[in-house]
Structure formats: structure tokens, C-alpha cells
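Read off the chains here:
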Amino acid sequence: MRLFLFPLLLLISACASAVPSEYAPRILAIGDSLLAWHSLAGKSISDTVARELQVPVVDRSVSAARIIYKLPVSGAAGMQIRKQYQPGNWDWVIVNGGGNDLWLGCGCFACNRKLDKLVSKDGRAGAIPGMLSELRATGAKVIYLGYLRSPGTGSLIEHCRDEGNELEARIERLAELDEGIHFLSLRDMVPFGDRSYHALDMIHPSVKASNEIGRRVAKIIQAN
């Protein structure tokens, strides 16, 4: 967990589109390594959101975390994304997840049953709708992040493309059912053959990608 304190953030130059000073959204982030990557260097997605909006962001994301995770001790420690939630008067909760359930849970092969457990085809049932329903019941708005796609070269998760597309299509249907849920697709962010949006492992986001995703998240918060 990282709490970005106001005095530090005030030292950072304000961008032209910063949130007005009278509005200071309270923001929590939960999810997997898409959010957690570069956190030790202060260059994660949440770090960028904090800098763009000049507000603290509490980030409880954990690398390798899953939506469906049954081990109680490590699940409570954050390996289950639902358990990362920290009670508070949040205005926004930034969320991602599901990729590890498909990649580590079923190897992105024969994943129809796993997909249905995560979210039904119509977006109304499953672990993800259940989790988001709980978050929305607190009064917070939700931004659900999709995943980066590989640039078509050198990625271990290239074969997960179809399953990832289907998962996100279902989450997008879910978001259409509730105006307080905003789905941010990253499907078209990475140009074919451009490796600069990925870390060396060609799975996780580079600093460049984390910055761009963070800016897009900040714009959604500013606009809503």
C-alpha cells in the first residue's frame, strides 16, 4: 500500500487539465501487476493518476493477484483482488483483474468455464460483477482497466489474445448496465511491432505505458 501525501504532491508541477482545487477525489486502486508494476520506482499507473490529479491515491494492488482465489491466508493478504479493498469513503476505485485467472488458472486454453465464473456473457453474473456490485454499494464509482495487448512479437501471453478479448467484451457489457462503472479498454494502445509499451518480459507495462494509462484514468475522473 502506498499513500501519496499532499505536501509531496504540491511540489509537483500542475498539468493544465488538473482537477480544480475544490474537488479532491478520494481514490483507491486494487488489482494485479498491471497496476502494481513500477510502484517501487514511483512510476506506476496510480502514481501517474496522483500526479495528474494532484491528490493522494491508495494503491493496494498485488502482482499475480486473481479475481478467483481460494487460499484464505494469502487471499486475505491481497492475492484475491476482492480482499485488497480497504474500507473508506472512496469516490473512485480503480480496478483490474482476470488476466491471471486465465493465464495461470487455465493456461488460456479451454477457458470457457473459467470465463463464465469470472463474468457471464451478458455481464450480469460472476465473480467480477459481484465484486463491482459490492464496490458500487459503497457509493464509489469504478474504473475497470483492460489489459495491454502484445505487439505481436516475443510475448509469452500472445496466445491469450482471444480469451482476453472475450473477457473484456463481457466486462464492457457489464459497464453498460451501470453508469457508475467505466471500462477503459487498452486494446488499441500498442501499435503492431512497437515494443516500447511493454517491460522487458513483454507482459507487463513499461513506464511509458503506465504513464499513458494513468493519464487516461485521470481524464475519466476529471470528466465524471
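Provided above is the structure to which this section pertains.
As a starting point, this report considers the structure included with it. (Residues numbered from 1 in each chain as written. Predicted model: local features only at pLDDT ≥ 70, side-chain atom pairs only at ≥ 80, totals over all residues. Heavy atoms only, no water.)

Regarding the overall build of the protein
Scanning the protein from N- to C-terminus turns up nine helices and six strands. Across the 224 residues of the protein, 49% fall into the buried class. Accessible surface, the protein: about 10,600 Å² in total, of which carbon and sulfur atoms supply 56%. (Helix = DSSP H or I, 4+ residues; strand = E, 2+ residues; numbered from the N terminus. Buried < 20%, exposed > 50% of the residue type's maximum accessible area, 1.4 Å probe, protein only. Areas by Shrake-Rupley, 256 points an atom, 1.4 Å probe, with all protein chains shown as cover.)

Here's the deal with the state of the cysteines
Taken as a whole and assessed by the stated rule, the structure comprises two disulfides. Through a disulfide, Cys 106 is tied to Cys 111; the S-S separation comes to 1.9 Å. Linking Cys 106 and Cys 111, the disulfide has an S-S dihedral of approximately 110° and is accordingly described as right-handed. Judged by relative accessible area, which is 3%, Cys 111 ranks as buried. Assigning the bonded cysteines of the protein consecutive numbers by sequence position, one obtains the connectivity 1-3, 2-4. (Disulfide = S-S within 2.5 Å.)

Looking at the packing of helix H3 (residues 45-53) against helix H9 (residues 207-223)
The contact between H3 and H9 brings their axes to 8 Å, and the two run at 50°. By the angle class used here, H3 and H9 are oblique. Taken as a pair, H3 and H9 cross one another with a handedness that is right-handed. Of the residues in H9, those in contact with Ile 45, Thr 48, Val 49, Arg 51, Glu 52 and Leu 53 of H3 are Ser 210, Asn 211, Ile 213, Gly 214, Arg 215, Val 217, Ala 218, Ile 221 and Gln 222. The residue makeup of the contact of H3 with H9, split by class, is seven nonpolar, five polar and three charged. (Axes fitted to C-alpha atoms, helices over the stretch in contact; angles between N-to-C directions. Parallel < 35°, antiparallel > 145°, perpendicular 65-115°, else oblique. Left-handed = near helix turned anticlockwise from the far one by under 90°. Contact = heavy atoms within 4.5 Å. Nonpolar A, V, L, I, M, F, W, Y, C, P; charged D, E, K, R; others polar.)

Re the packing of helix H7 (residues 127-137) against helix H8 (residues 161-176)
Across the interface, H7 lies against H8 with an axial gap of 11 Å and an inter-helix angle of 35°. Crossing of H7 over H8 shows right-handed handedness. On H8, the residues that touch Ile 128, Pro 129 and Leu 132 of H7 are Leu 167, Ile 171 and Leu 174. When the residues that make up the contact of H7 with H8 are grouped by side-chain class, the tally is six nonpolar, no polar and no charged.

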